Amino acid sequence: MYILTFDFMQRALVAGVITAVLASSIGVFVVLRRMSLVGDSLSHAALSGVAAGMLFGFYPFYGALAFSALAALFIEYIRKAFERYAEVALAVVMSGGMGLAVVLISLGKSFNADLFSYLFGSLVAVSPSDAWIICGVGLFILLSLVILFRELFAIAFDEESARLSGIPVDAVNTYFTLLTALAVALSVRVVGTLLVSALMVIPAAVSLQTAKSFRATFGIAVGVAVFSVISGLYISFILNLAPGGTIVLIATAILMTVISTKKLQ
Amino acid sequence: MKFEISNCAAESAEGEMHKKSQDTDEVVSLTGVTFGYNGTPVLKDVNLTVKAKDFIALIGPNGAAKSTLMKLMVGLLLPRTGEVRLFGSDVRRFGQWHRIGYVSQNAVRVNTGFPATVEEVVASGFYSGFGKLFDTAGRRKAVQQALEMTGIQNLSRRLVGELSGGQLQKVFLAKALVKKPEALFLDEPTTGIDAASSKEFYTLLKELNMREGITVVVITHDIGAAFDRAAKIGCVRNGKVYIHDNIDEVTQEHVAEVLGYRIPELSAAFSTSQNPKKS
Ligand SMILES: Nc1ncnc2c1ncn2[C@@H]1O[C@H](COP(=O)(O)OP(=O)(O)O)[C@@H](O)[C@H]1O
Ligand SMILES: [Mg+2]
């Protein structure tokens, strides 16, 4: 475990594990609510925040947090107008975010290594202050999820009857999308904007294949995500690969193994 | 149209009901309710009252606005004109949600494959307020009772995705019962379920109605099974609702007229329900 003697590697691991726990537990709800693409939409918005930061000279990570939070509110707003076609909101934000990002990047002519790290994640990119932000905001998100767990479960299962139990469904939904946005922005440092969504959806997909209860669904998703991140960071360090891609490939391999062994039974 | 006039018991009863609108034995009342989705109304000037301990089966052809009517009753939809009162208070200001249980028409269809056990699903119906995470003792007891009432204790650890339609409906019933409601609103709980399970389900509802005094409003196409057990029949058609207080006055001809077609197996149901064996 000599890799732990590197400061940047310690930070990457801490940030990565927090990212994994957040992305996968949020991912379970996201998948069950048939909003699997929400991570993609928000991460494209986060990318435009990164580009804006590079262009206007503020810290791109803050740009990612702010833009993806704004996008979350925007998604909820459009979703109300297209109640029966919630995906419309996701598609609009995804392409809008990407369009904005491309324009900002071309304005700033800033296609450089830094941008590359935001796209695909980076081991050395997690600065000490990044690590603190990830810990702080991450803890806040986790606490929110614990407190809202019963509400989120009830809404994911049956929104109408959740409403009738007296749950403020619209408020909880908006808050949850905001949490998702924050989690996506946090994940950007380690896995990169283009791959965040995979870390939300793939572990949830594995757990849906195997879990025997809702509690187990969570446990399995978090376990798969954490394992993928730790082993992915380790391998990407050894082989000098982009960590985001390595992590996602490991998670995908787990999913394929689970699906094929299930088929064999 | 003859039957609409001659059997329109609800309309005449309505006037009397109004004088005592604060009466607590009124579960739901609709007064002059008109509702439409995109301009054209699907319910026109509906007046009806559901009283405590009623067991009402609502029938009507597809698209007659039965589901719409039920959503208006429980406050999921708000009327464009007219008033809906739940337990005496305007539905817009109603807040005692634990007093009603509702199972929507597509509850079963939407949730196939949801990765949760029966116990977890039933427990999710027990909502005692924001952030109340640790009311575990009260919740576990309520869940246990709801599972017993519906006779599905043996399924408690099973995944809901693995259950049959009939079992799933009992799970939804238990989920609605877990908060010990005074009234149950069920939208087509037995559609797509085999005859035996359907019969069993209505018997269960009847028991809940008689023994626990729970008011039941159920939308159904299972006319035979429901007629045998319900105390009142409500017909929804052409934007109007007619409640028949005396089920015996609803003949096969009436049902055929409401639904627009005859139901062959109904004669058997009528031969039993016309008997005075109903309590
Ligand atoms: N969300 C909706 N938006 C627009 N029209 C609707 C909606 N829900 C139902 N309708 C229409 O209202 C009418 C009544 O529907 P519904 O109450 O579901 O009937 P039923 O339950 O008796 O089959 C139908 O014509 C249906 O097409
Ligand atoms: Mg319906």
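One structure accompanies this document, and this report is about it. Given the structure is predicted, the values throughout are model-derived calculations rather than measurements.

Reading the values: rules and limits
- Sequence order sets the numbering: in each chain, residues are counted from 1 along the sequence as written.
- Ligands are numbered from 1 and chains lettered from A, in the order in which they are written.
- Totals for whole chains, interfaces and linings use all residues, but because this is a predicted model, local features are given only for residues with pLDDT of at least 70 and pairs of side-chain atoms are given and counted only at 80 or more.
- Excluding hydrogens and water, the side-chain figures rest on all heavy atoms present in the structure.
- Secondary structure elements follow DSSP: runs of H or I of four or more residues count as helices, runs of E of two or more count as strands, with numbering from the N terminus.
- The buried label goes to any residue with under 20% of its type's maximum accessible area, the exposed label to any with over 50%, and the partly exposed label to all in between, with areas taken from a 1.4 Å probe on protein chains only.
- We call two residues contacting when some pair of their heavy atoms lies within 4.5 Å.
- Exposure was quantified through the Shrake-Rupley algorithm and a 1.4 Å probe, taking into account, for residues, occlusion by the shown protein chains and nothing else.
- Throughout, radius of gyration means the C-alpha value; the globule benchmark is 2.2 Å times the number of residues raised to the power 0.38.
- Positive charges come from Lys and Arg, negative ones from Asp and Glu, while His and the chain ends are left out of the count.
- Throughout, a charge is located at the NZ atom of Lys, the CZ atom of Arg, the CG atom of Asp or the CD atom of Glu.
- If DSSP finds at least two bridges between two strands, the strands pair.
- For helices, the fitted line uses only the C-alpha atoms of the stretch in contact; every axis is such a line through C-alpha atoms, and the angle between N-to-C directions lies from 0 to 180 degrees.
- Residues form patches when they are more than 30% accessible in relative terms and have no salt bridge. Like charges link within 9 Å. Nonpolar side chains (Val, Leu, Ile, Met, Phe, Trp, Tyr) link within 5 Å.
- For this analysis, a salt bridge means a side-chain nitrogen from Lys or Arg found within 4 Å of a carboxyl oxygen belonging to Asp or Glu.
- Of the two site types, the cavity is a set of points on a 1 Å grid over the protein atoms alone where a 1.4 Å probe fits but cannot get out, and the pocket is an open set with protein on both sides within 12 Å along at least five of seven lines, each lined by residues with an atom within 4 Å of a point.
- Grid points are joined across faces, edges and corners, and a volume is the space filled by probe spheres set on the points.
- The classification used treats Ala, Val, Leu, Ile, Met, Phe, Trp, Tyr, Cys and Pro as nonpolar, Asp, Glu, Lys and Arg as charged, and all other residues, Gly among them, as polar.
- By convention in these notes, a residue is near a molecule or strand provided one of its non-hydrogen atoms lies within 4 Å of it.
- The term polar contact refers here to a pair of N or O atoms within 3.5 Å; inside protein, the definition further demands a hydrogen-donor-capable atom paired with an acceptor-capable atom, and it admits residues adjacent in sequence only when both atoms are side-chain atoms.
- When two components associate, each loses some accessible surface as probed by a 1.4 Å sphere; the sum of these losses over both components is called the buried area.
- Donor selection uses N, O and S atoms within 2.8 Å of the metal (3.2 Å for Na, K and Ca). Since no water is included, sites may look incomplete.
- Roughly parallel here means an angle under 35 degrees, roughly antiparallel means over 145, roughly perpendicular means 65 to 115, and every remaining angle is called oblique.
- Less than a right angle of anticlockwise turn of the near helix away from the far helix marks a crossing as left-handed, whereas a clockwise turn marks it as right-handed.
- Stacked, edge-to-face and tilted are the three classes for Phe, Tyr and Trp ring pairs, Trp counted by its six-membered ring, which pair at centre distances within 6.5 Å; planes under 30 degrees apart are stacked, over 60 edge-to-face, the rest tilted.

1. Thoughts on the overall build of chain B
- Counting its secondary structure elements, chain B contains 11 helices and 10 strands.
- Taken across its 279 residues, chain B has 56% of its residues classed as buried.
- Long-range contacts, defined here as pairs at least 24 residues apart, represent 69% of the contacts in chain B between residues at least 6 apart.
- Accessible area for chain B stands at about 12,100 Å²; split by element, carbon and sulfur atoms hold 52% of it.

2. Some thoughts on the overall build of chain A
- Within chain A one finds 11 helices and zero strands.
- Ordered by position in the sequence, the α and β elements of chain A form the string α-α-α-α-α-α-α-α-α-α-α.
- The C-alpha atoms of chain A give 18 Å as radius of gyration, which agrees with the globular expectation for 265 residues (18 Å, within 12%).
- With respect to the three principal axes, the spread of C-alpha positions in chain A is 50 × 45 × 35 Å.
- Every one of the 265 residues in chain A was classed for burial, and the buried ones make up 56%.
- For chain A, restricting intrachain contacts to residue pairs at least 6 apart in sequence, the fraction spanning at least 24 positions comes to 76%.
- Computed over 14 positive and 12 negative side-chain charges, the separation of the two mean positions in chain A equals 6 Å.

3. Looking at the sheet that holds strand β8 (residues 215–219) of chain B
All names here are of chain B.
- The sheet built from six strands is open, its strands ordered β6-β7-β8-β3-β9-β10 with mixed pairing. The two strands at the open ends of the sheet, each matched to only one other strand, are β6 (100–103) and β10 (240–244). Neighbour-to-neighbour, the strand axes of this sheet turn through a mean angle of 15°, independent of strand direction.
- One ladder, built from four bridges, connects strand β3 (residues 55–59) with β8; its direction is parallel. If you follow L58 over to β8, its bridge partner there is I219.
- Contacts between helix α7 (residues 165–177) and the sheet are confined to β6 and β7 (183–187), with β6 contributing the most and set at about 155° to the helix.

4. Section: a nonpolar patch on the surface
- Together, Y2, F6, Y234, I235, I238, L239 and L241 of chain A give the surface a local cluster of nonpolar side chains, amounting to about 630 Å² of exposed area.
- Topologically, I238 of chain A is positioned in helix α10 (residues 214–239).

5. Here we look at empty space enclosed by the protein
- Within the structure shown, the criterion is met by three cavities of 30 Å³ or more.
- Here the largest cavity defines a volume of roughly 140 Å³.
- What lines the largest cavity is a set of 15 residues, and nearest its centre among them are S161 and S165 of chain A together with Y102, G125 and K175 of chain B.
- Those elements that place two or more of their residues in the lining of the largest cavity are α7 (159–164) of chain A together with β6 and α7 of chain B.
- Partitioned by chemical class, the residues of the lining of the largest cavity number seven nonpolar, five polar and three charged.

6. Section: the site of ligand 1
- The immediate surroundings of ligand 1 are formed by R84 of chain A together with Y37, V42, P61, N62, G63, A64, A65, K66, S67 and T68 of chain B.
- With respect to ligand 1, its neighbouring residues span chains A and B.
- Between A64 of chain B and ligand 1, the recorded distance is 3.2 Å, taken from a backbone N or O atom to an oxygen atom.
- When the free accessible area of ligand 1 is taken as 560 Å², the share hidden by the protein chains comes to 63%.
- With three residues, helix α3 (residues 66–74) of chain B is the largest single contributor of residues to the shell around ligand 1.

7. Remarks on the interface of chain B and chain A
- Opposite the 31 residues of chain B that make contact, chain A presents 28 residues.
- For the pairing of chain B and chain A, the buried interface totals around 2,500 Å² over both sides, and the portion due to carbon and sulfur atoms is 63%.
- One can count two salt bridges joining chain B with chain A.
- Here K71 of chain B makes a salt bridge to E160 of chain A, at a shortest N to O gap of 3.5 Å.
- Here chain B is connected to chain A by seven residue pairs in polar contact (both at pLDDT 80 or more).

8. Some thoughts on the coordination of the magnesium ion (ligand 2)
All names here are of chain B.
- Bound to the magnesium ion (ligand 2) on the protein side are S67 (OG) and Q105 (OE1), at distances that span 2.0 to 2.2 Å. Of the two residues, S67 is situated in helix α3 and Q105 in the loop between β6 and α4 (107–110); the sequence distance between them amounts to 38 residues.
- Classification of Q105 by relative accessible area gives partly exposed; the value is 38%.

9. A closer look at the packing of helix α9 (residues 196–210) of chain A against helix α11 (residues 243–264) of chain A
Residue and element names in this part refer to chain A.
- At a minimum axis distance of 10 Å, the contact between α9 and α11 shows a crossing angle of 20°. Here α9 lies roughly parallel to α11, going by the angle between them. As for how α9 packs across α11, the hand of that crossing is left-handed. Along its contact with α9, which presents A198, L199, I202, A205, V206, Q209 and T210, the element α11 presents I247, V248, A251, T252, I254, L255, V258, I259 and K262.
- Taken together, the residues of the contact of α9 with α11 sort by class into 12 nonpolar, three polar and one charged.

10. What about the pairing of β10 of chain B?
Residues and elements named next belong to chain B.
- Counted residue by residue, β10 has four buried out of five residues, so it is predominantly covered.
- Pairing between strand β9 (residues 232–237) and β10: five bridges, direction antiparallel. By the bridge assignment, G234 is partnered in β10 with I243.
- Linking two consecutive strands that pair antiparallel, namely β9 and β10, is a turn of two residues; a positive phi of about 50° is found at N238 within it.

11. Considering the packing of aromatic side chains
- Under the definition given, this model contains 23 aromatic pairs over all chains.
- A centroid spacing of 5.6 Å and a plane angle of 50° characterise the contact between F6 of chain A and F8 of chain A, whose relative ring orientation is tilted.
- Its relative accessible area of 32% is what places F6 of chain A among the partly exposed residues.
- Measuring from ring centre to ring centre gives 6.0 Å for F201 of chain B and Y202 of chain B, while their planes differ by 85°; the resulting arrangement is edge-to-face. When sorted by exposure, F201 of chain B lands in the same class as Y202 of chain B, which is buried.

12. Concerning the side chain of K206 of chain B
- Structurally, the position occupied by K206 of chain B is in helix α8 (residues 195–211).
- Sequence-distant contacts of K206 of chain B, that is, excluding residues within four places in its chain, are made with F55 and R229 of chain B.

13. As for the layout of surface pockets
- Approximately 870 Å³ is the volume found for the second largest pocket.
- F149, R150 and R215 of chain A together with E120 and R139 of chain B are, among the 26 residues lining the second largest pocket, the residues nearest its centre.
- Elements with a contribution of two residues or more to the lining of the second largest pocket: α1 (7–32), α6 (128–157) and α10 of chain A together with α5 (118–123) and α6 (136–150) of chain B.
- Take the lining of the second largest pocket: its biggest share by element is six residues, from α6 of chain A.
- When its residues are assigned to classes, the lining of the second largest pocket shows 14 nonpolar, five polar and seven charged.

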